[in-house]
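A look at the structure
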Amino acid sequence: MNPIDPNAERLIAAAREAARHAHAPYSRFAVGAALLMEDGTIITGANFENASYGLSLCAETVAIATASAAGRLREIVAIGVIGGAMDATGAATGTTPVSPCGRCRQVINEAAQMGGRDLPVHCGAAEGDAVRSYRLSELLPDAFGPADLGIS
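Below: a short report on this structure. Every value quoted in this text rests on a predicted model; they were computed, and no experiment measured them. (Residues numbered from 1 in each chain as written. Predicted model: local features only at pLDDT ≥ 70, side-chain atom pairs only at ≥ 80, totals over all residues. Heavy atoms only, no water.)

**Digging into the pattern of salt bridges**
Considering all chains together, one arrives at 4 salt bridges under this definition. Between arginine 20 and glutamate 17 there is a salt bridge whose closest N-O contact spans 2.6 Å. By relative accessible area, which is 57% here, arginine 20 ends up exposed. As a salt-bridge pair, arginine 117 and glutamate 38 come within 2.5 Å of each other at their nearest N and O atoms. Taken together, the residues arginine 117 in the loop between α3 (102–115) and β4 (120–125) and glutamate 38 in the loop between β1 (29–37) and β2 (42–46) connect sequence positions 79 residues apart. Several salt bridges converge on common partners, so that one network encompasses Asp39, Arg72 and Glu75. (Salt bridge = Lys/Arg side-chain N within 4 Å of Asp/Glu carboxyl O. Buried < 20%, exposed > 50% of the residue type's maximum accessible area, 1.4 Å probe, protein only. Helix = DSSP H or I, 4+ residues; strand = E, 2+ residues; numbered from the N terminus.)

Below is the structure:
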């Protein structure tokens, strides 16, 4: 692992723990996300599916909405994400790193621009040591966000 910041392992571990709480009865794919805040605390989220598929929420969106609800949207300094197919017990499995979907990249961009940061995004596997670390600008180049609307 060659993380962008030293908290990558901590974030991946927290995302794995969050994925244990995923509500994914339809896709059977659990995702966990963990946000590192300026003060070192971690806020997590897990995916939450709905029988009306379009109403499902991704783990990254849940975590970022939780930070925003606490008035901490601008305090996010890094994010970790893991995911994998659920086994019979509901645990995420797999050794391939999972990265945020396009929608989540846009949601992460909102938080990044509001905080004035190019956030590190650590993408981990549900199991094992595989982690790929990126800057958000690598995952979503030329992103449209609050800055384009004159908001910061």
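**Side note on the packing of aromatic side chains**
Counted by the stated rule, this structure contains 1 aromatic pair. A ring pair is formed by tyrosine 26 and tyrosine 53, whose centres lie 5.7 Å apart and whose planes are at 70°; its orientation type is edge-to-face. Placement of the pair is tyrosine 26 in the loop between α1 (8–19) and β1 and tyrosine 53 in the loop between β2 and α2 (59–69), with a sequence separation of 27 residues. Residue tyrosine 53 is classed as exposed on the basis of its relative accessible area of 59%. (Phe/Tyr/Trp six-rings, centres within 6.5 Å; stacked < 30°, edge-to-face > 60°.)

**Notes on the packing of α2 against α3**
Running from N to C, α2 and α3 point in directions that differ by 20°, and their axes come no closer than 9 Å. In this view, α2 runs roughly parallel relative to α3, as classed from their interaxial angle. Our pair here, α2 against α3, has a crossing hand that is left-handed. Contact residues: Glu60, Thr61 and Ile64 in α2; Arg103, Cys104, Val107, Ile108 and Ala111 in α3. Of the residues belonging to the contact of α2 with α3, the class tally is 5 nonpolar, 1 polar and 2 charged. (Axes fitted to C-alpha atoms, helices over the stretch in contact; angles between N-to-C directions. Parallel < 35°, antiparallel > 145°, perpendicular 65-115°, else oblique. Left-handed = near helix turned anticlockwise from the far one by under 90°. Contact = heavy atoms within 4.5 Å. Nonpolar A, V, L, I, M, F, W, Y, C, P; charged D, E, K, R; others polar.)

**So, a nonpolar patch on the surface**
A cluster of nonpolar side chains, contributed by Phe144, Leu149 and Ile151, occupies part of the molecular surface with about 320 Å² of accessible area. Within the element layout of this structure, isoleucine 151 appears in the segment after α4 (136–139). (Patch = residues over 30% accessible without salt bridge, like charges linked within 9 Å, V, L, I, M, F, W, Y side chains within 5 Å. Areas by Shrake-Rupley, 256 points an atom, 1.4 Å probe, with all protein chains shown as cover.)

**Some words on the side chain of asparagine 109**
Along the polypeptide, asparagine 109 turns up in helix α3. Setting aside residues up to four positions removed in sequence, asparagine 109 forms contacts with Leu136, Leu140, Ala143, Phe144 and Gly145.

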